Amino acid sequence: MAKLRLILGDQLNTRISSLSDVEKGDLIVMAEVWDEATYVRHHKQKIAFLFSAMRHFARQLEEAGHAVRYVRLDDAGNTGSLFGEVTRALKEFDADGIITTECGEWRLACDIKHWAEKLGLPVEIREDDRFVSTLREFRDWAGDRKTLRMEFFYREMRRKTGLLMDGNDPEGGEWNFDTENRKSLPKGYKSPARKTVQHDSVTKEVLTLVENRFGDHFGSLADFRYGVTRDQALRELDSFIETCLPDFGAYQDAMATGEDYLNHSLVSAYLNAGLLLPMEICEAAEEAFREGHAPLNAVEGFIRQIIGWREYVRGLYWLKMPDYAETNYLNSQRSLPAFYWTGDTDMHCISEAVRNTQEHAYAHHIQRLMVTGNFALLAGIKPQEINEWYLIVYADAYEWVQLPNTHGMAIFADGGMMGSKPYAASGAYINRMSNYCKSCRYAVSQKTGDDACPFNYLYWDFLDRNEKKLRKNGRMGLVFKNLDRKEEDEMTAIRDSARKFLDAL
Ligand code: FAD
Ligand code: DLZ
Ligand code: SF4
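Thresholds, definitions, all that
- Residues numbered from 1 in each chain as written.
- Chains lettered and ligands numbered in written order.
- Predicted model: local features only at pLDDT ≥ 70, side-chain atom pairs only at ≥ 80, totals over all residues.
- Heavy atoms only, no water.
- Near = heavy atom within 4 Å.
- Polar contact = N/O pair within 3.5 Å; in protein donor to acceptor, adjacent residues only side chain to side chain.
- Areas by Shrake-Rupley, 256 points an atom, 1.4 Å probe, with all protein chains shown as cover.
- Helix = DSSP H or I, 4+ residues; strand = E, 2+ residues; numbered from the N terminus.
- Nonpolar A, V, L, I, M, F, W, Y, C, P; charged D, E, K, R; others polar.
- Domains from an automatic or database assignment.
- Core = buried A, V, L, I, M, F, W, Y, C linked by side-chain atoms within 4.5 Å.
- Buried < 20%, exposed > 50% of the residue type's maximum accessible area, 1.4 Å probe, protein only.
- Contact = heavy atoms within 4.5 Å.

Participant: Describe the site of ligand 1, with residues and values.
Facilitator: Neighbouring ligand 1 are 29 residues, the closest being His264, Ser265, Leu266, Tyr362 and Asn405. Note that an oxygen atom of ligand 1 is positioned 2.8 Å from one of the side-chain N or O atoms of asparagine 272. A distance of 2.7 Å is found between an oxygen atom of ligand 1 and a side-chain nitrogen or oxygen belonging to tyrosine 362. For ligand 1, the accessible surface in isolation is 810 Å², of which the surrounding protein chains cover 99%. Those elements that provide at least two residues to the shell around ligand 1 are α10 (268–273), α12 (296–320), α15 (365–379) and α17 (399–410). Of the residues in the shell around ligand 1, the class split is 16 nonpolar, ten polar and three charged. Counting the residues that make up the shell around ligand 1, at least three belong to each of domain 2 (135–320) and domain 3 (339–503).

Encoded structure:
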């Protein structure tokens, strides 16, 4: 008998496991539903990207001869939930079972787990094999290790995939070339121009729908530039490999006013929605190295992000949820400041990060980690509020990847499960890696007082406030030595400046 095959909005690949044995007579169900579009108030571009990509993918499946039931958000009878849409489809289509691929968020996974019982039909939840490692493999690797570190897991992934390997050894004799990857931008540096995508009638219709139905969500649609098909995503990848990859490594951590993408790949939204697969991206990057087009430090650094960090955060999420989301190691209790939504702050680095987030549903890694993330860490923003912000504002955000990065890497709420120490930094770091401070009303050279860069006194105040929890961390020894060297009157000035600034937030 026939199967109903449910494809979620971030499963847009014909090689998804739920379609591996699709037969004539099966029905593929895809649905735009209010629940998924509003469980957090996603950036308008995130919704537009997914709805348009979903519509294009459904059309592709139909053109390949499959029977597809595609429910649009405004279709009459749309129940507003995935369960409702599956139930409604089953009233019109006689299926003896449902097949789907495991989803990317704990909340929905818990819901789907109960469908079989509620529907009285078998629901087969297949492994998501769009990743390099399996969840079981990660669990086995984690075993009863006391601490998990990405770097060691990454080496396993290099061995497993054979990427950048020279027999049993890493290409170039090292696993990691990050010492070559922390350069600031040369004066006058201009990053390569990016391809623009022509919107077809499907995307234009979706943009109107999103403006009408989600007009009060964060972000602007004015500069919507996402590709919405696999072909367009592949073109973005080709253009990255051709023009940006050679400099990707050197300037990976750099930031500059008005430079919203620098040499980053912009593939995350496509990758997480299924339009691209991790190995094809990494193989294209490796080929660029083998052909002499891009240097090893760039290609290794790029591949590490995908088969290292991306795989590692996914493994960690499914290993540690649901307790993971509840931790608050540093007992951070401050509400999220309004400027995370408006960008209306004198801190130029933050207003830039929020501006390009509003305009593109994108910010690159160092903006996320060392600007908005670092501020949230230093100011002690409540994990739930900052986590939700990150889940809302980026087109690539799904909890499996967003949460470990925010909760773990950026704000250290997990107490060190994700990374070995907090990524706390003063204004000096931002000044070294960007030109932001030149356009800021605050002085990065000043340590305390009304004109001083807030990151400066917040940094020392953060260490002072959290000393009991952080001093014992072996990797924080030097930092605390520096704190110990501060005179009492300097510490008083730091604490006063921090209190005044934080009280005014
Ligand atoms: P590039 O810099 O070109 O990197 C290439 C690819 O590597 C990315 O597309 C991504 O797939 C992968 N990658 C790089 N770093 C990471 C990482 N730390 N974790 C997982 N994958 C990584 N990434 C998301 O995909 N979704 C998120 O919701 C998300 N939230 C984040 C929140 C915070 C606080 C931080 C610090 C990082 C977050 N990241 C997230 C990771 C990273 O910032 C983005 O993947 C990256 O900025 C996407 O842009 P890009 O495609 O141009 O990446
Ligand atoms: C993010 C999202 C949005 C905005 N809308 C839909 C939708 O209408 N229908 C759908 O199937 N999926 C959507 N998604 C993606 C899901 O939220 C995603 O599949 C889960 O969060 C699990 O990763
Ligand atoms: Fe950011 Fe401080 Fe530099 Fe201003 S001076 S841009 S607040 S780091």
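Participant: Describe the site of ligand 2, listing the residues and the values that go with them.
Facilitator: Surrounding ligand 2, one finds 20 residues, the nearest of these being Asp10, Ala31, Val33, Glu36 and Arg107. With respect to ligand 2, the backbone of glycine 9 contributes an N or O atom lying 3.1 Å from an oxygen atom. The separation between an oxygen atom of ligand 2 and a polar side-chain atom of glutamate 105 is 3.3 Å. Relative to its unbound accessible area of 490 Å², ligand 2 is 100% covered by the protein chains. The dominant element in the shell around ligand 2, judged by the number of residues it contributes, is helix α2 (residues 44–63), at three residues.

Participant: Please give an account of the nonpolar core that cites residues and values.
Facilitator: In this structure, Phe49, Leu245 and Phe375 are the most contacted members of the largest nonpolar core, which totals 151 residues. At twelve residues, the largest contribution of residues to this core is made by α12. Dropping the residues within four chain positions of it, phenylalanine 375 is found in contact with Pro337, Phe339, Tyr340, Met347, Ile350, Phe455, Leu458, Phe501 and Leu505. With 22 residues, the next largest nonpolar core counts Ala2, Ala31, Leu90 and Ile112 among its residues.

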